[in-house]
Amino acid sequence: MSVLHPESLVASSAGSLPVHVVVKDGALDGVGAATAAWARAHEFTGKAGQLLILPGPAGSVGGALFGAGETFDPGSARGLAARLPAGLWRLDGVSAAQAESAALAFALGGYRFDRYRARPEGARPQLVAPKGMDVAAALRIAAACALAREMVDTPAADMGPLQIETIAREIAAGSGASIAVTEGEALLEANYPAIHAVGRAASPARQPRIIEIGWQMDRTDLPLVALVGKGVVFDSGGLNIKGGAGMRNMKKDMGGAAHALALGRLVMQSALPVRLVVLVAAVENAISADAFRPGDVLNSRKGLTIEIGNTDAEGRLVLADALCRAGEHAPDLTLDFATLTGAARIALGPDLPPLYTDDEALAAELLEAGRAVDDPLWRMPLWPGYRAAIDSELADIRNDSAAWAQAGSVTAALFLQKFAPATGVWAHMDIFAWNPRARPGWPEGGAAQAMRACHAMLVRRYSTAR
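Just so it is clear, the structure is predicted and the values come from calculations on it, not from any experiment.

Draft legend 1. Focus on the overall build of the chain. Each helix and strand in the chain was counted, giving 14 helices and 19 strands. For the chain, whose C-alpha radius of gyration is 24 Å, the value lies close to the compact-globule estimate of 23 Å for 466 residues. By its C-alpha atoms, the chain is 80 × 50 × 45 Å across when sized along the principal axes. Here the chain holds 466 residues, and the buried ones make up 55% of them. Contacts in the chain between residues at least 24 apart in sequence constitute 75% of all its contacts with a sequence separation of at least 6.

Draft legend 2. Looking closely at helix α3 (residues 96-109). For α3, with 14 residues, the first-to-last C-alpha span of 20 Å sits near the 20 Å given by 1.5 Å per residue. Residues Ala99, Ala102, Ala103, Leu104, Ala105, Phe106, Ala107, Leu108 and Gly109 constitute the buried set of α3. Looking at the packing, one finds that the buried side of α3 touches β1 (9-10), α2 (77-83), β5 (87-92), β6 (125-128), α4 (135-153) and α14 (451-462).

Draft legend 3. Region of the structure containing the pattern of salt bridges. Taken as a whole and judged by the stated rule, the model has 20 salt bridges. Residue Arg90 pairs with Asp92 through a salt bridge whose shortest N-O separation is 3.6 Å. The residue Arg200 makes a salt bridge to Asp290 at a minimum N-O spacing of 3.7 Å. Separated by 90 residues along the polypeptide, Arg200 in the loop between α7 (193-199) and β8 (209-215) and Asp290 in the loop between β10 (275-285) and β11 (297-298) bring together distant segments of the chain. Exposure remark for Arg200: the relative accessible area of 23% places this residue in the partly exposed category. A network of salt bridges, in which partner residues are shared, links Glu165, Arg169, Glu183 and Arg209.

Draft legend 4. Summary view of the packing of aromatic side chains. Within this structure, the stated rule accounts for three aromatic pairs. With a centroid separation of 6.0 Å and 55 degrees between ring planes, the pair formed by Phe113 and Tyr116 is classed as tilted. Between Arg301 and the ring centre of Tyr192, over which it is positioned, the NZ or CZ distance is 4.2 Å.

Draft legend 5. Structural detail: the pairing of β5. When strand β2 (residues 17-23) meets β5, the two strands line up parallel, connected through four bridges. Residue Val19 lies in a different strand from β5, and its bridge partner there is Leu91. Here β5 runs beside β6; their pairing, made up of three bridges, is parallel. When the sheet's bridge partners are listed, Trp89 is paired in β6 with Leu127. What joins β5 to β6 is α3, and the crossover it makes is right-handed.

Draft legend 6. Broad picture of unusual backbone geometry. Phi is positive for Ala58, which is not a glycine, with a value near 55 degrees. Residue position: Ala58 is located in the loop between β3 (51-55) and β4 (61-69). When its relative accessible area of 88% is taken as the criterion, Ala58 is described as exposed. In the Ramachandran plot, Gln406 falls in the positive-phi region, its phi being about 65 degrees despite a non-glycine side chain. You can see Gln406 is positioned in the loop between β16 (397-398) and α13 (408-417).

Draft legend 7. Highlighting the pairing of β4. Extensive coverage of β4 is indicated by the burial of seven of its nine residues. Pairing of β2 with β4, which is carried by five bridges, proceeds in the parallel orientation. Residue pairing across strands places Val22 opposite Gly67, the latter belonging to β4. The pairing of β3 with β4 spans five bridges and is antiparallel. Looking at the pairing, Pro55 lines up with Val61 of β4. Hairpin connection, β3 to β4: the antiparallel pair is bridged by five residues, and Ala58 has positive phi, about 55 degrees.

Draft legend 8. Summary view of helix α9 (residues 255-269). For α9, spanning 15 residues, the distance from its first C-alpha to its last is 21 Å, which sits close to the expected 21 Å at 1.5 Å a residue. Within α9, 14 of the 15 residues are buried, leaving the element largely enclosed by the surrounding structure. In the segment just after α9, Ala271 is the residue with positive phi, at about 55 degrees.

Draft legend 9. Region of the structure containing the environment of Thr357. Inspection of the secondary structure assignment puts Thr357 in the loop between β14 (354-356) and α12 (360-372). You can call Thr357 buried: its relative accessible area is 2%. Spatially, the C-alpha atoms of Thr357 and Ala102 are 31 Å apart, while their sequence positions differ by 255 residues. What Thr357 contacts, discounting residues up to four positions off in sequence, is Leu362, Ala363, Arg379, Leu382, Trp426 and Ala427. Here the side chain of Thr357 touches Asp359 through a polar contact of 3.2 Å, landing on its backbone nitrogen. Reaching out from Thr357, the side chain makes a polar contact with the backbone oxygen of Trp426 at a distance of 2.7 Å.

Cut-offs used in this document
- Residues numbered from 1 in each chain as written.
- Predicted model: local features only at pLDDT ≥ 70, side-chain atom pairs only at ≥ 80, totals over all residues.
- Heavy atoms only, no water.
- Helix = DSSP H or I, 4+ residues; strand = E, 2+ residues; numbered from the N terminus.
- Rg over C-alpha atoms; globule rule 2.2 N^0.38 Å.
- Buried < 20%, exposed > 50% of the residue type's maximum accessible area, 1.4 Å probe, protein only.
- Contact = heavy atoms within 4.5 Å.
- Expected span 1.5 Å × (residues − 1).
- Salt bridge = Lys/Arg side-chain N within 4 Å of Asp/Glu carboxyl O.
- Phe/Tyr/Trp six-rings, centres within 6.5 Å; stacked < 30°, edge-to-face > 60°.
- Lys NZ or Arg CZ within 6 Å of the ring centre and 35° of its normal.
- Pairing = 2+ DSSP bridges.
- Right-handed = clockwise from strand over helix to strand, strands pointing away.
- Polar contact = N/O pair within 3.5 Å; in protein donor to acceptor, adjacent residues only side chain to side chain.

Set out below in structure tokens:
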């Protein structure tokens, strides 16, 4: 796993080649007559994403032209990391206000997952960071995103509950944090019945567990932040088995755990003045004679009983126990990440994760942070009119909402709200953690969503709280 991101950003510009950013149909006077002639000969007009490599002496590469379209979007620099030849490059024609965002975008665009290729890809391009940029901080952010994406991209056979635990132990050791793991039958003794029920059908080597990391917990003068992640390493749907198409990418159903761990590492590496608890429920929703069944009634750590209407609505069950455990720490702020519902994709598509919170100030902070760092979120309502959809005639609550409500992402969030900590404020991100459309800088596969927005919010909220 990515302990450090590849050194895609460097401080020195010695020996660098220029990438001239050109607006659509803009003047090419500033690049020299020969370059302008080369651009015209190759029909380079500066349309968004257009890239033209420039010749240098003796057949070498002399630079590049990059189309900005009507105005330059710093996020488009992600594509440069995937398209430029290996070498050291610098951006020309970019304002100081855009340069840092473009450099971070370039670092994010350099991610590659080639673990299973016989011939891994070779050398990568590097970019000169703008003067005054905190390169180490940018690379930490890129590394966090790379870690989450690697975990999601790794097939379930190689990313089971034990592998998630191993990564969590490495993260904790790297920052001097404590870690505790409860697994298998010990989950029942420790009162994590819902986590145990979801994961008990898996093979002994992949038994369920809850992982808890604690950092700076002795600093009672600091606010406490809890990060909670759904870690379903593979979701067959259980006895309500998914069809083949629905099961194909279910290796990504541990995306919430990947995000919680990667963000937790980033918070610790950034030395934010907080106490931090990271809780991950790592399970496999498998099928066996011991699988939990539709119609079962499960206990939960909070004491609420849950009627099972659908074993494919398992993520909210493991999060129920994990959120309850988070509440026992009396956090000031709780953020949970989960690839929870297909309904979220129907509502907002793959690129825009729903945000749920009943705290207006936190919602505003997260949305503003998401806009600032180009990591968007869209607030969805915890609509009280749908709470009746998760009422049960048999138990305290049901895990599948009544069909009349229809709003599956909303009712799933309302379910989680029942188990969210009573102290502080809470937000839930129903992430997809997957990019289904390959393009330069955005390969098909694991995607880091809402994590940079959450980190930016945490920095703004707590960096002056020492």
